[in-house]
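Structural features, examined
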Amino acid sequence: QVQLVESGGGLVQPGGSLRLSCKASGFTLGDYAIGWFRQAPGKEREEVSCFSASDGSTYYADSVKGRFTISKDNAKNTAYLQMNNLKPEDTAVYYCAADPSLTNPCIVIMQAGYDYWGQGTQVTVSS
């Protein structure tokens, strides 16, 4: 019953903040790398962040760097994406993904792909 469930999406005003959660079940999230993706209508899927299980290093897309922060609480088996200073162009369905790699850095995981995916949560940034 491997499962990832995102939550925390919703409607927010430009400049506001949201924190997305990704609750894992059926596996231990601490042993997995985590990626956050987003996809908006008319745009290709974009990986906005990655948290490596190997050394805790992170990756951020240029479009969100300085505004978004990825984190993971192994005790709660939950990953997070803190989104600050949100812009209308951040509007998208956000997905979390996990990969059972203990040694690979984000750059390798991003190339190889993730094994498990959540169902997504809608984030809408609008006045």
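Residues numbered from 1 in each chain as written. Predicted model: local features only at pLDDT ≥ 70, side-chain atom pairs only at ≥ 80, totals over all residues. Heavy atoms only, no water.

Bringing the overall build of the protein chain into the picture now. Each helix and strand in the protein chain was counted, giving one helix and eleven strands. Mapped in sequence order, the helices and strands of the protein chain form the string β-β-β-β-β-β-β-β-β-α-β-β. In summary, the protein chain has a C-alpha radius of gyration of 14 Å against a globular reference of 14 Å for 127 residues, a match within 12%. Over its C-alpha atoms, taken along the principal directions, the protein chain stretches across nearly 40 × 25 × 25 Å. Accessible surface, the protein chain: about 6,300 Å² in total, of which carbon and sulfur atoms supply 46%. Looking at charge distribution, the protein chain has the averaged site of its 10 positive side-chain charges lying 7 Å from that of its 12 negative ones. (Helix = DSSP H or I, 4+ residues; strand = E, 2+ residues; numbered from the N terminus. Rg over C-alpha atoms; globule rule 2.2 N^0.38 Å. Areas by Shrake-Rupley, 256 points an atom, 1.4 Å probe, with all protein chains shown as cover. Lys, Arg positive; Asp, Glu negative; His and termini not counted. Charge placed at Lys NZ, Arg CZ, Asp CG, Glu CD.)

Moving on: the environment of Ile 34. The residue Ile 34 is located in strand 4 (residues 33-39) in this model. Looking at Ile 34, the relative accessible area reads 0%, which means it is buried. Taking the C-alpha atoms as reference points, Ile 34 and Ser 101, 67 residues apart in sequence, are found 9.7 Å from one another. Sequence-distant contacts of Ile 34, defined by excluding residues within four places in its chain, comprise Leu 29, Ser 49, Cys 50, Phe 51, Ile 70, Lys 72, Ala 79, Ala 97, Ala 98 and Tyr 114. (Buried < 20%, exposed > 50% of the residue type's maximum accessible area, 1.4 Å probe, protein only. Contact = heavy atoms within 4.5 Å.)

A separate point is the environment of Tyr 116. You can see Tyr 116 is positioned in strand 10 (residues 116-117). For the pair Tyr 116 and Met 83, spaced 33 residues apart in the sequence, the C-alpha separation amounts to 22 Å. With residues near it in sequence (within four places) discarded, Tyr 116 still touches Val 2, Leu 4, Tyr 32, Cys 96, Ala 97 and Ala 98.

To continue, consider the pattern of salt bridges. Summed over the entire model, instances satisfying the criterion amount to four salt bridges. Among the salt bridges present, the one from Glu 46 reaches Arg 38, with a minimum N-O distance of 2.9 Å. Since its relative accessible area comes to 8%, Arg 38 is described here as buried. Across the pair Asp 90 and Arg 67 runs a salt bridge, and its minimum N-O distance is 2.7 Å. Taken together, the residues Asp 90 in the loop between strand 8 (78-83) and strand 9 (92-99) and Arg 67 in the loop between strand 6 (58-60) and strand 7 (68-73) connect sequence positions 23 residues apart. Like Arg 67, Asp 90 is buried. Look at the salt bridges and you will find they share partners, linking Arg 38, Glu 46, Arg 67 and Asp 90 into a network. (Salt bridge = Lys/Arg side-chain N within 4 Å of Asp/Glu carboxyl O.)

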